[in-house]
Amino acid sequence: MKMEANDLIKAHYTSVQLACTDLDKDEWARASATVISRYWSGAEAPQARQAEARIIWSKDALSVRFVCRQDEPLVMSAAPQVERKTVGLWERDVCEIFVAPDAENPQRYLEFEAAPSGEWLDLAVEYKEAGREADWDFNSGMTVAARIREGFVTIALCVPWAAFGREPHANERWRVNLFRCVGAGASRGYLAWQPTRTTQPNFHVPSAFGWLLFNDEG
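Residue numbers here run from 1 along each chain, matching the order of that chain's written sequence. Under the rules for a predicted model, residues below a pLDDT of 70 receive no local features and side-chain atom pairs below 80 are neither given nor counted, while totals for whole chains, interfaces and linings still include all residues. With hydrogens and water set aside, each side-chain value is computed from the structure's full complement of heavy atoms.

1. Some details on the packing of aromatic side chains
The test is simple: Aromatic pairs are defined between Phe, Tyr and Trp rings, using the six-membered ring for Trp, whenever the two ring centres lie within 6.5 Å; interplanar angles under 30 degrees are classed as stacked, those over 60 as edge-to-face, and all others as tilted. Helix numbering and strand numbering both begin at the N terminus, where a helix is a DSSP run of H or I of at least 4 residues and a strand a DSSP run of E of at least 2. Each residue gets one of three labels from its accessible area relative to the maximum for its type: buried under 20%, exposed over 50%, partly exposed in between, using a 1.4 Å probe on protein chains only. Only when the NZ atom of a Lys or the CZ atom of an Arg is both within 6 Å of the ring centre and within 35 degrees of the ring normal do we say a charge sits over the ring.
Under the definition given, this model contains 15 aromatic pairs. Summarising the aromatic geometry, the rings of Tyr109 and Phe209 are spaced 5.3 Å apart at their centres and angled 80° between planes, so their arrangement reads as edge-to-face. With Tyr109 in strand β6 (residues 108-114) and Phe209 in the loop between β12 (189-192) and β13 (210-214), this pair connects stretches of sequence that are 100 residues apart. For the pair Tyr109 and Phe209, one class covers both residues: buried. On the numbers, 5.0 Å between centres and 75° between planes, the contact of Trp174 with Phe214 is edge-to-face. Taken together, the positions of Trp174 in strand β11 (residues 173-182) and Phe214 in strand β13 put the pair 40 residues apart, joining distant regions of the chain. Like Phe214, Trp174 is buried. Members of the aromatic cluster, each reached through a chain of ring pairs, are Tyr13, Trp57, Phe112, Trp161, Phe164, Trp174 and Phe214. Its guanidinium or amino end placed over the ring of Trp211, Arg173 lies 4.6 Å from that ring's centre, counting from NZ or CZ. If you follow Arg175 out to its NZ or CZ, it ends over the ring of Trp211, 4.5 Å from the centre.

Honestly, it's all geometry; don't read function into it.
So, in structure tokens, the structure goes:
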């Protein structure tokens, strides 16, 4: 299947030890920026709601950093807890990545969410014609870090390879999509890197996933 530049993300390889809290590490500048600029429908989102994501891979983990414009009030829990996954996190401000390690079977994918509050959610999902099945007991070992500054929110998540069942090799391709939920009520926005183009907001459309290329470490 042909990969076009607009549906391909190049993950930057690093031999540097990278913690999730290293939000300003130089390695992030070496990773390609992927802009999340459209709603799930395909319509262009206003710049005040757009975000960028950068992806890094190492021998230990897959790391993703989102930098989001934040010109409206945050939608967060008044009493966030970060010790365990937060079911329903998708109803607040959140950034998400769906990853299918088997490019031939994108219907089986992992869902990772992280919020400005530091809350998180991880799920193993299988998409079927009759509806999707989620493993709510899935434990990826993911870590999350977040920072809120005037006009911007930065969110990073790191997932060890054990969560995927294996480590990728250089130049391998996985399937992926990136999302951002922002705002509340009738004006709530559902942004997708690769729009799913469903009638109602829905991120769970494996056929819309783009590609994640693990750049050669050389």
